Amino acid sequence: MTYDAKTPEDYISQVPEERQDALKKLRKTINDNLPKGFKECINYNMIGYVVPHDIYPDGYHCDPKLPLPFMSFASQKNSINFYHSGIYANPELHDWFVKEYPKHCKRKLDMGKSCVRFKKIDEIPYELIAELVKKMSVEQWITIYESALKKK
């Protein structure tokens, strides 16, 4: 589902009512644990967390006018999806998350490269997401991102 929102509050107000509380709680979980330097915004029609241009002036290599993306979440047709670039880019972080997930959730992990899909919104592991959010600083993300660019 795509929402035409200008702010995170606007985004949440547009999703189906039965998902709004879960999105509010997910947003609060992220914001309460977000390392200094990341900025919340609407990015790619989702609630996103980016490295702003005042910290990383080069921006995103695909479109330097955009800030460097890091994390986001969205209400999709069949799930709430949580995207975390660090899981994709850092094998140790990925392995930690995969190992910890069953300790927080009864359901099998439904995960793509950087996307975790939550089909049962009452089973979103907020505590695990809080831990994950704390694990990577802006500086660490920039270092990993630039290292990946050099390999291309």
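No experiment lies behind these values; they were computed from the predicted model shown. (Residues numbered from 1 in each chain as written. Predicted model: local features only at pLDDT ≥ 70, side-chain atom pairs only at ≥ 80, totals over all residues. Heavy atoms only, no water.)

The terminal C-alpha atoms of helix 6 (residues 138–151) lie 20 Å apart, and with 14 residues this matches the ideal 20 Å at 1.5 Å per residue to within 8%. Taken as a whole, helix 6 has its buried residues at V138, W141, I142 and Y145. Along the long axis of helix 6, the arc covered by the buried residues comes to 100°, so they all point the same way. Of the exposed residues in helix 6, the ones pointing more than 90 degrees away from its buried face are E139, T143, K150 and K151. (Helix = DSSP H or I, 4+ residues; strand = E, 2+ residues; numbered from the N terminus. Expected span 1.5 Å × (residues − 1). Buried < 20%, exposed > 50% of the residue type's maximum accessible area, 1.4 Å probe, protein only. Arc of directions from axis to C-beta.)

Before going further, it helps to examine the UniProt feature "domain: YdhG-like" (unreviewed entry) in the protein. Mapped onto the present numbering, the UniProt feature "domain: YdhG-like" (unreviewed entry) falls at residues 19–135. Secondary structure over residues 19–135 splits into 37% helix and 24% strand, and the C-alpha atoms at its two ends are 27 Å apart. (UniProt positions renumbered as here; feature names shortened; annotations may be inferred.)

This part takes up helix 4 (residues 91–104). For helix 4, spanning 14 residues, the distance from its first C-alpha to its last is 20 Å, which sits close to the expected 20 Å at 1.5 Å a residue. Along helix 4, the residues classified as buried are L93, W96, F97, E100 and Y101. Buried residues along helix 4 sit in contact with strand 4 (80–84), helix 3 (85–89), strand 5 (115–118) and helix 5 (126–134). (Contact = heavy atoms within 4.5 Å.)

A few words on the packing of helix 2 (residues 17–33) against helix 5. Viewed as axis vectors pointing N to C, helix 2 and helix 5 meet at an angle of 35°, and their least axial separation amounts to 8 Å. Seen along the crossing, helix 2 lies across helix 5 with a hand that is right-handed. Contacts between helix 2 and helix 5 pair A22, K25, L26, T29, I30 and N33 from the former with Y126, I129, A130, V133 and K134 from the latter. (Axes fitted to C-alpha atoms, helices over the stretch in contact; angles between N-to-C directions. Left-handed = near helix turned anticlockwise from the far one by under 90°.)

With that settled, the discussion passes to the packing of aromatic side chains. Pairs of aromatic rings are described using the distance from one ring centre to the other and the angle between the two planes. Inspection of every chain in the model, using the stated rule, returns seven aromatic pairs. Ring geometry for Y3 against Y11: centres 5.1 Å apart, planes inclined by 75°, an arrangement best described as edge-to-face. You can call Y11 buried: its relative accessible area is 0%. Between F97 and Y101 the ring centres are 6.0 Å apart and the planes differ by 50°, which places this aromatic pair in the tilted class. In this pair, F97 and Y101 both sit in helix 4, four residues apart, roughly one turn of the helix. (Phe/Tyr/Trp six-rings, centres within 6.5 Å; stacked < 30°, edge-to-face > 60°.)

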